[in-house]
Amino acid sequence: MALKASTRAMEEWEEYFAQNPAPPGHSHHCGDMEAFCQRHVGHHPIALVTSGGTTVPLERNTVRFVDNFSAGTRGAASTEYFLQQGYAVIFIHATSPSLPSCVTSTPGSYWRPCRRGRAACCSSHHNTLARCIPSGVSTSRSRLGRLLWLTFTSLSDYLWLLRSATQCLQRLAPKALLYLAAAVSDFYIPQDEISEHKIQSESGPLTVRLQLVPKMLRPLVSVWGPELYVVSFKLETDEKKLIEKATAALRKYKHDLVIGNLLQTRRDEVTLVTERESSLLRLTEHQKAERIEIERLIVEEVCSRHRPERGHAIPLAKLC
Ligand code: PAZ
């Protein structure tokens, strides 16, 4: 009797995870996420916010890498507004060389994201913390307890965290929100092609061939977190392509909302694209003068779509 052909072919995304091992400390991060979800589910709505750019190493012992542009502002600011809206937030952020070592070396602690180049700090440094918070926002220990901050550096670190966080939320908090603002590389060097040691310049100019990263939004929406409310961001530099690309992403992956933004104007306006409509969110001159951030408007809008049963999100005026 002929043996039945063994298993189905691996999907591209499965091959990626099979070939790129989990980063050190990953299971520890998974434990942190699990404990965080268990603590907050049923008490607070939960959001996963990703932020910052991934790096793609050119060498296994990495000296050089290709980086995706992102200052991390969108994710950090949005996290602050989600906290103000009552959410418990898992904030997955790119490590930054400008952060103090206590931050980067203590993943899994409950940190406040901090923007505009200032240091992040933990709840035991409450006074320092206060400096990181936009004016008028009161600090409270309960708010700090609603934030879990985990960091990544490389594309692979990010994808492992993203998959585990999504699966954890699907299992423990399937009504949660995913807000994917990180700038994730579309290209990488597979493990079997990457140089072990520092690439030497003696051999002349360097030609690097990068392969396409499997599109992870597909398994994220259909396999890892089918019940979650998923918001992705689409960054373009050519205005003519933005809506077309955002709409195409929505149709392809069938998630809930794509927020399109142009590199040049991303601080002032974004376009929200759903199956039914696309709508522009733009700061007015008055809001700019008042130093209102576009993330405040985005988060307010996303919250009211994520939890329509709660009516409108806490309006701008009440946040000040
Ligand atoms: O981090 P930042 O505030 O400088 O920029 C935010 C952003 C442009 C990276 C984000 O809004 C975004 O579009 N992220 C997705 C990028 C992408 O298309 O992969």
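One can find the structure itself at the top, above this paragraph.
J.: I keep staring at the site of the ligand and nothing clicks. Help me out?
T.: Taken together, 15 residues are adjacent to the ligand, and Ser 70, Ala 71, Gly 72, Leu 235 and Asn 261 come closest. Backbone polar atom of Gly 72 to an oxygen atom of the ligand: 2.8 Å apart, as the coordinates give it. Here an oxygen atom of the ligand sits 2.9 Å away from a polar atom, N or O, in the main chain of Leu 235. Look at the ligand: alone it shows 470 Å² of surface, and the protein chains cover 92% of it. Contributions of two or more residues to the shell around the ligand are made by helix H3 (73-84) and strand E9 (229-236). Considering only residue class, the shell around the ligand consists of 7 nonpolar, 4 polar and 4 charged.

J.: It is not clear to me how the pairing of strand E10 (residues 257-262) should be interpreted in this structure. Could you clarify?
T.: Remember that side chains alternate between the two faces of the sheet whenever the strand is regular. Burial analysis of E10 places 6 of its 6 residues in the buried class, the great majority of the element. In E10, alternate side chains face the same way, and those of Leu 257, Ile 259 and Asn 261 on one face and Val 258, Gly 260 and Leu 262 on the other are all buried. Judged from the 6 bridges that link them, E9 and E10 form a sheet pairing that is parallel. Opposite Leu 235, over in E10, you have Asn 261 as the bridge partner. Of the crossover connections in this fold, the one passing from E9 over helix H9 (residues 239-253) to the parallel E10 is right-handed. Note: E10 against strand E11 (residues 269-273), 3 bridges, orientation antiparallel. In the strand pairing of E11, Gly 260 is matched with Thr 271. Between E10 and E11, which pair antiparallel and follow one another directly, the connecting turn spans 6 residues.

J.: Would you explain the environment of His 44 in this entry?
T.: Turning to its location among the elements, His 44 is positioned in the loop between helix H2 (26-40) and strand E1 (46-51). Using a relative accessible area of 28% as the deciding quantity, one classes His 44 as partly exposed. Taking C-alpha positions, His 44 is 10.0 Å from Leu 83, a pair spaced 39 residues apart along the chain.

J.: I would appreciate a short explanation of the packing of helix H1 (residues 12-19) against helix H7 (residues 155-172) in the present structure.
T.: Direction vectors running N to C along H1 and H7 enclose 115 degrees, while the axes themselves pass 11 Å from each other. Note on packing geometry: the crossing formed by H1 with H7 is left-handed. Contacts from Trp 13, Tyr 16 and Phe 17 in H1 reach Leu 155, Ser 156, Leu 159, Trp 160 and Arg 163 in H7. A breakdown of the residues in the contact of H1 with H7 according to their chemical character gives 6 nonpolar, 1 polar and 1 charged.

J.: What exactly am I supposed to notice about the nonpolar core here?
T.: Across soluble globular proteins, nonpolar side chains show a tendency to be buried alongside one another. Judged by nonpolar contacts, the single largest core of 45 residues is most densely connected at Ile 90, Leu 169 and Leu 220. For this core, the element with the highest residue contribution is H7, accounting for 9 residues. Apart from residues no more than four positions distant in its own chain, Leu 220 is found in contact with Leu 162, Thr 166, Leu 178, Leu 180, Gly 225, Pro 226 and Val 230. In this structure, Leu 147, Trp 149, Ile 259 and Ala 313 belong to the second largest nonpolar core, which totals 32 residues.

J.: It is not clear to me how H2 should be interpreted in this structure. Could you clarify?
T.: In an α-helix there are 3.6 residues to a turn, and that puts residues three or four apart on one side. Look at H2: 21 Å from first C-alpha to last across 15 residues, which is about the 21 Å you get at 1.5 Å a residue. Every buried residue of H2 is listed here: His 26, His 29, Asp 32, Met 33, Phe 36, Cys 37 and His 40. Seen along its axis, H2 keeps its buried residues to an arc of 130 degrees; they face one direction. Taken from the residues just after H2, Gly 42 is the one with a positive phi, measuring 85 degrees.

Each value, and the rule that gives it
Residues numbered from 1 in each chain as written. Predicted model: local features only at pLDDT ≥ 70, side-chain atom pairs only at ≥ 80, totals over all residues. Heavy atoms only, no water. Near = heavy atom within 4 Å. Polar contact = N/O pair within 3.5 Å; in protein donor to acceptor, adjacent residues only side chain to side chain. Areas by Shrake-Rupley, 256 points an atom, 1.4 Å probe, with all protein chains shown as cover. Helix = DSSP H or I, 4+ residues; strand = E, 2+ residues; numbered from the N terminus. Nonpolar A, V, L, I, M, F, W, Y, C, P; charged D, E, K, R; others polar. Buried < 20%, exposed > 50% of the residue type's maximum accessible area, 1.4 Å probe, protein only. Pairing = 2+ DSSP bridges. Right-handed = clockwise from strand over helix to strand, strands pointing away. Axes fitted to C-alpha atoms, helices over the stretch in contact; angles between N-to-C directions. Left-handed = near helix turned anticlockwise from the far one by under 90°. Contact = heavy atoms within 4.5 Å. Core = buried A, V, L, I, M, F, W, Y, C linked by side-chain atoms within 4.5 Å. Expected span 1.5 Å × (residues − 1). Arc of directions from axis to C-beta.

Purely geometric numbers; function is a separate question.
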